[in-house]
Amino acid sequence: MVFVTLIIGISAVLSWFLGRYMTYIMDSSEQGTWQSYLKQFAVFNVIMFAVSFAVLAFQQYLPLNPDGKGALTADLIFNTAASFTTNTNLQHYSGEVSMSYFSQLFALMWLQFVSAATGIAVLTAIARGLGGKGFGNFYKDMMRATFYILLPVSFVVAVLLIFTGVPMTFGGTVEAHTIEGALQNIARGPAAAFIAIKQLGSNGGGFFGPNSAHPFENPNFWSNAVETMSIIIIPMSCVWMFGRLTGKMRHAAVIFGVMLLLLVMKLSFAAYFESAPAGALAGLDVQTSSNLEGKELRFGTSAAPLWAVVTTSTSNGSVNNMHDSLNPLTGLVPLTGMWLNETFGGVGVGMINMLIYILTGVFICGMMVGRTPEYLGRKVETQEMKLVLLALLVHPLCILGGTALFTIMPWGAETVHNTGAHGFTEILYEFTSSSANNGSGFEGLGDNTPAWNIATGIVMLVSRYVPIVLPLMAAGSLAAKRISPDTSGTLHTDTVLFGAVILGSIIFIGALLFMPVAVLGPVSEYMAGALK
Amino acid sequence: MKSDIIQGVKAAFITMAVCCVLYTGAVYAVGFLAKEKAEGSLIYKDGRVVGSRLIAQNFKGERYFHPRPSAVDYNAAGAGGSNLSPYSKEIRERAEKIIAENGSGLPADMVTASGSGLDPHISLDSAVFQAERVAKARNTDKNRIIAVIDEHTDSYLKIVNVLELNMALDRVE
């Protein structure tokens, strides 16, 4: 528990300073409407998709391919380009098996930078708009976020990782003659540069198949500590940046507190359930320990549940243990993290998701006392609420609809790796992860099929762009209104009461939508397995 | 519209040049300060690569300490975990097989597959458990083996690197 407290505590403290720095970088008095911002955003995202699609499609003809990786199938290329453009990094391939170094760096790593920068840029624009300034220029914001925030921090992390043992080489696979005389091919690569931005940009797509469970991606206790903090620090900083840009620091502190509270609740839950041994070993003559299936020993015992919670709270999706092998009720915690998707959330977009819940909370409160709800002094009316609720509903619609379809159809039901309720959870997790733009998986699922590639590709695109574009439009509509003066009936957004309001709207609206599937999957597996 | 696209392509080109070429180059250059690590912590013996200190390799012989089970048969060019539910009968059957081969009272890490299938470590308990078999196969005193284990134990995490331990044993003989 000391380890967990230290990691979260240090990250929270550092985020205060990084948030200040990010505000300094991102703040500008640049004019611009939300419409022009949206247009630039859309054009650039189409280019991101097209360029990465082209690089992946022609990787067999491109340089930096020492191991001669071949062509990928069209559906896998579509899925991968969609996945990295949307900052999801869901991977239906295994890096060391399928991808050339050129694809890894020029398609995937490039998108890890610019897709994360896109999230920060849009949050900045929304914050500026709500703060009463112009929305700005997307390209300026995106480049500032890339060059002055993501690049320097990534460089520092990459250097730290090299010194813990993460490889950074363009030499290909090396053939080892083992002590007992067998041959072992060891895949390597320019991993350190890749992993730094993978962690920092809430990307999560690993260089190697098992992600940060692989000893080359995460060689020891210290690399694990650095990588865990890298997951959460920029999402935390984004909340402070939002506060500074809108000039409402106390409001930001309330939001930060609510997010932290939910994070700590999930952490305690996961750490507790994962300390139980793997159920399959019950009654066997084995020393008792926490569940070690799918875990690496070098990170220590609390490192796996900590990572599992943090990575799914932030839409990162990297893993340092196999989520498929988590105890059933522990597995429910990552799912919950992705259902809510804003207990810090992704870089930039986590705070945007939170705004959706805040506006919903404000609206419900306004209805209860019978006056027009306000947020940051501006009236929240029908127009904004339509946009916000639509953005809110896309997520459950994609998850529940997709899961239902793939559970009854052979193209889904036949791809599961485990039987019964756990197999259902594999399907549920895959759609949840795609829709949350998370990218982690219950990796037993045989997901590199045309059906899975196309379905999750579409879900990722829809669930990325709808909850960015609609809140941007809502902010544009709010920003056009006059600021109404405070009265005695105004709901203040910087109080503990307001914190309780958003906590309530998150739990009642966000979590309860998913209660039935939680019972069908992880809970019934637990009931069937543990209550013998 | 045309000018929008040109602006976007320009931005893509600039970000790609900086993030993919300059950044990667700079990190690669730093790698030369820790060349051995940057190349994958490879271990050489008589000029040949025998493995990486970070990557588990399979040891089957009685004379050597065995690593944790691997769901991918220690394939370091296609790593992965078992992805089995902790309640699955496959895990139980694997554990029963390992118990039948090694005896009862095993530490749990000896019967569970790691996440990568390449976990280079075993727990200290597991090393001590295997010490008797190794000592017998090497015709030596168990305490001498334990002494080598102690030298290679991470005292905070209570884990031992299997490849380094086995190479140290060979050197001692």
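Residues numbered from 1 in each chain as written. Chains lettered and ligands numbered in written order. Predicted model: local features only at pLDDT ≥ 70, side-chain atom pairs only at ≥ 80, totals over all residues. Heavy atoms only, no water.

A. A look at the overall build of chain B. When you go through chain B residue by residue, the secondary structure sums to six helices and five strands. Helices and strands appear in chain B in the N-to-C order α-α-β-β-α-β-α-α-β-β-α. In terms of overall dimensions, chain B is more spread out than a globule: its C-alpha atoms have a radius of gyration of 22 Å, far above the 16 Å expected for 173 residues. Structurally, chain B occupies a C-alpha span of about 75 × 45 × 30 Å along its principal axes. Among the 173 residues that make up chain B, the fraction classed as buried is 54%. The contacts in chain B between residues at least 6 apart in sequence include a share of 57% that link residues at least 24 apart. Within chain B, one finds 21 positive and 21 negative side-chain charges whose respective centroids are separated by 4 Å. (Helix = DSSP H or I, 4+ residues; strand = E, 2+ residues; numbered from the N terminus. Rg over C-alpha atoms; globule rule 2.2 N^0.38 Å. Buried < 20%, exposed > 50% of the residue type's maximum accessible area, 1.4 Å probe, protein only. Contact = heavy atoms within 4.5 Å. Lys, Arg positive; Asp, Glu negative; His and termini not counted. Charge placed at Lys NZ, Arg CZ, Asp CG, Glu CD.)

B. Broad picture of the pairing of strand β1 (residues 42-45) of chain B. All names here are of chain B. The pairing of β1 with strand β2 (residues 48-52) spans four bridges and is antiparallel. In the strand pairing of β2, L42 is matched with S52. With antiparallel pairing between neighbouring strands as the criterion, β1 and β2 make up a hairpin whose turn holds two residues, including D46 at a positive phi of roughly 50 degrees. (Pairing = 2+ DSSP bridges.)

C. The environment of Q130 of chain B, seen in detail. Residue and element names in this part refer to chain B. By the element assignment, Q130 lies in helix α4 (residues 124-137). Taking the C-alpha atoms as reference, Q130 lies 9.9 Å from I146; in sequence the two are 16 residues apart. Setting aside chain neighbours within four positions, we find Q130 in contact with Y64, F65, H66, M110 and I122.

D. Up close: the pattern of salt bridges. Counted by the stated rule, this structure contains 22 salt bridges over all chains. Here E217 of chain A ties to K198 of chain A by a salt bridge, and the two come within 2.6 Å at their closest N and O atoms. Highlighted residues: E217 of chain A in the loop between α7 (191-200) and α8 (221-246) and K198 of chain A in helix α7, separated in sequence by 19 residues. No difference in accessibility class separates E217 of chain A from K198 of chain A, as the two residues are buried. When the shortest N-O distance is used, the salt bridge between K35 of chain B and E39 of chain B registers 3.1 Å. Overall, K35 of chain B belongs to the partly exposed group, its relative accessible area being 41%. Members of the salt-bridge network, linked through shared partners, are E296 and R298 of chain A together with R68 and D119 of chain B. (Salt bridge = Lys/Arg side-chain N within 4 Å of Asp/Glu carboxyl O.)

E. Molecular detail of helix α5 (residues 142-151) of chain B. All names here are of chain B. Within α5 the residues assigned to the buried category are I145, V148 and I149. Taken down its axis, α5 places every buried residue within 105 degrees of arc, on the same side. Exposed positions of α5 whose direction lies more than 90 degrees from the buried face are N143, D150 and E151. On its buried face, α5 is in contact with α4, β4 (153-154), β5 (159-161) and α6 (162-172). (Arc of directions from axis to C-beta.)

F. Representation of a nonpolar patch on the surface in the model. All names here are of chain A. Taken together, L261, M265, I507, F508, L512, M515 and V519 make up a surface patch of nonpolar side chains, about 660 Å² in accessible area. Those elements that place two or more of their residues in the nonpolar patch are α9 (249-274), α17 (496-511) and α18 (515-530). As for its placement among the helices and strands, M515 is situated in helix α18. Residue class for M515 comes out partly exposed when judged on its relative accessible area of 48%. (Patch = residues over 30% accessible without salt bridge, like charges linked within 9 Å, V, L, I, M, F, W, Y side chains within 5 Å. Areas by Shrake-Rupley, 256 points an atom, 1.4 Å probe, with all protein chains shown as cover.)

G. Structural context of the packing of helix α1 (residues 2-26) of chain A against helix α10 (residues 303-313) of chain A. Residue and element names in this part refer to chain A. Running from N to C, α1 and α10 cross one another at 35 degrees; their axes reach a closest spacing of 9 Å. For α1 against α10, the interelement crossing comes out right-handed. For the pair formed by α1 and α10, the contact residues are F3, V4, I7 and I8 on the first element and A303, L306 and V310 on the second. Here the contact of α1 with α10 is composed, by residue class, of seven nonpolar, no polar and no charged. (Axes fitted to C-alpha atoms, helices over the stretch in contact; angles between N-to-C directions. Left-handed = near helix turned anticlockwise from the far one by under 90°. Nonpolar A, V, L, I, M, F, W, Y, C, P; charged D, E, K, R; others polar.)

H. Broad picture of the confidence of the model for chain B. Chain-level pLDDT for chain B is 94 on average; 100% of the residues reach the 70-or-more range. Taken over the whole predicted complex, pTM reads 0.95, whereas the ipTM for its chain interfaces reads 0.96. (pLDDT = per-residue confidence, 0-100.)

I. Highlighting the interface of chain B and chain A. The interface is formed by 91 residues belonging to chain B together with 92 residues belonging to chain A. Buried surface at the junction of chain B and chain A, both sides included, amounts to about 7300 Å², of which 68% is carbon and sulfur. Considering only the side of chain B, the residues that lose the most area to chain A are Y23, N83 and Y87 of chain B, jointly responsible for 11% of the buried surface there. On the surface where chain B and chain A come into contact, there are three salt bridges. (Buried area = accessible area lost by both parts, 1.4 Å probe.)

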